[in-house]
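# Fold and geometry: a report
Residue strings, one per chain:
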Amino acid sequence: MHFKKGDTVIVLSGKHKGQTGKVLLALPRDQKVVVEGVNVITKNVKPSMTNPQGGQEQRELALHASKVALVDPETGKATRVRKQIVDGKKVRVAVASGKTID
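Residues numbered from 1 in each chain as written. Predicted model: local features only at pLDDT ≥ 70, side-chain atom pairs only at ≥ 80, totals over all residues. Heavy atoms only, no water.

## Structural notes on the overall build of the chain
Defined as follows: Numbering goes from the N terminus for both helices and strands, where a helix is a DSSP run of H or I of at least four residues and a strand is a run of E of at least two. As a reference, a globule follows 2.2 Å times the number of residues to the power 0.38, and the radius of gyration itself is taken over C-alpha atoms. Any residue under 20% of the maximum accessible area for its type is buried, any over 50% is exposed, and the rest in between are partly exposed; the area is computed with a 1.4 Å probe on protein chains only. Here, residues are in contact when the closest pair of their heavy atoms is within 4.5 Å. Where accessible areas are quoted, they stem from the Shrake-Rupley method and a 1.4 Å probe; at the residue level, only the protein chains shown are allowed to cover. Note that His is not counted, nor are the chain ends; the positive residues are Lys and Arg, and the negative ones are Asp and Glu. Each charge is placed at NZ for Lys, CZ for Arg, CG for Asp and CD for Glu.
Assigned secondary structure in the chain consists of 0 helices and 10 strands. In the chain, the succession of α and β elements from N to C terminus is β-β-β-β-β-β-β-β-β-β. Radius of gyration (C-alpha) of the chain: 17 Å, far over the 13 Å computed for a compact globule of 102 residues. With the C-alpha coordinates aligned to their principal axes, the bounding extent of the chain is approximately 55 × 30 × 20 Å. Residues counted as buried form 26% of the 102 residues belonging to the chain. When contacts within the chain are restricted to residue pairs at least 6 apart in sequence, those whose partners lie at least 24 apart make up 39%. For the chain, the exposed surface amounts to about 7100 Å²; the carbon and sulfur share of it is 49%. For the chain, the distance from the average site of its 19 positive side-chain charges to the average site of its 9 negative ones is 6 Å.

As structure tokens, this is what we get:
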């Protein structure tokens, strides 16, 4: 999976197509990512010791990794990623512009 926590991504398909946001959580085993402000649901929460009032809360659900793409740092559009060795370190490089992402 090409995504890490903190990456800026754009949604490619589905009802949230075109929205951008930061990756809050990457789940490589499930091939899913949680993106800030995308795929938000309202969840009813029971009262508990930490939240005695209970009520409703907004929560982001995970999207499949194939539905999102990294945003190119130069153009701001979706791009694929390739890995290169630069100065002895393995870094991610945007295919469209050739700029390093890490």
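Moving on, there is more to tell.
## Observations regarding unusual backbone geometry
One non-glycine residue, Gln31, adopts positive backbone phi at about 60 degrees. Note on placement: Gln31 falls in the loop between strand E2 (20–27) and strand E3 (32–35). At Asn39, a residue that is not glycine, the phi angle is positive and equals roughly 60 degrees. In this structure, Asn39 sits in the loop between E3 and strand E4 (40–45). For Asn39, a relative accessible area of 14% translates into the label buried.

## Here we look at the nonpolar core
The test is simple: For our purposes a nonpolar core is just a set of buried Ala, Val, Leu, Ile, Met, Phe, Trp, Tyr and Cys residues, chained together by side-chain atoms within 4.5 Å.
Membership of the largest hydrophobic core is limited to 12 residues, which are Phe3, Val9, Val11, Val23, Val33, Val35, Val38, Leu63, Ala65, Val68, Leu70 and Val81. Listed by contribution, the elements that provide at least two residues to this core are strand E1 (8–11), E3 and strand E7 (68–71). Here Val81 is in contact with His2, Leu70, Arg92, Val93, Val95 and Ile101, once residues within four sequence places are set aside.

## Side note on the side chain of Asp72
The criterion, for reference: Within this document, salt bridges are pairs made up of a side-chain nitrogen of Lys or Arg and a carboxyl oxygen of Asp or Glu, the two lying within 4 Å of each other.
Secondary-structure assignment places Asp72 in the loop between E7 and strand E8 (78–79). The charged side chain of Asp72 is buried without a salt bridge, its nearest counter-charge being Lys99 at 8.2 Å. Filtering out sequence-adjacent residues up to four positions away, Asp72 remains in contact with Lys77, Thr79, Ala94, Ala96 and Ser97.

By themselves, these observations are geometric and do not establish any function.
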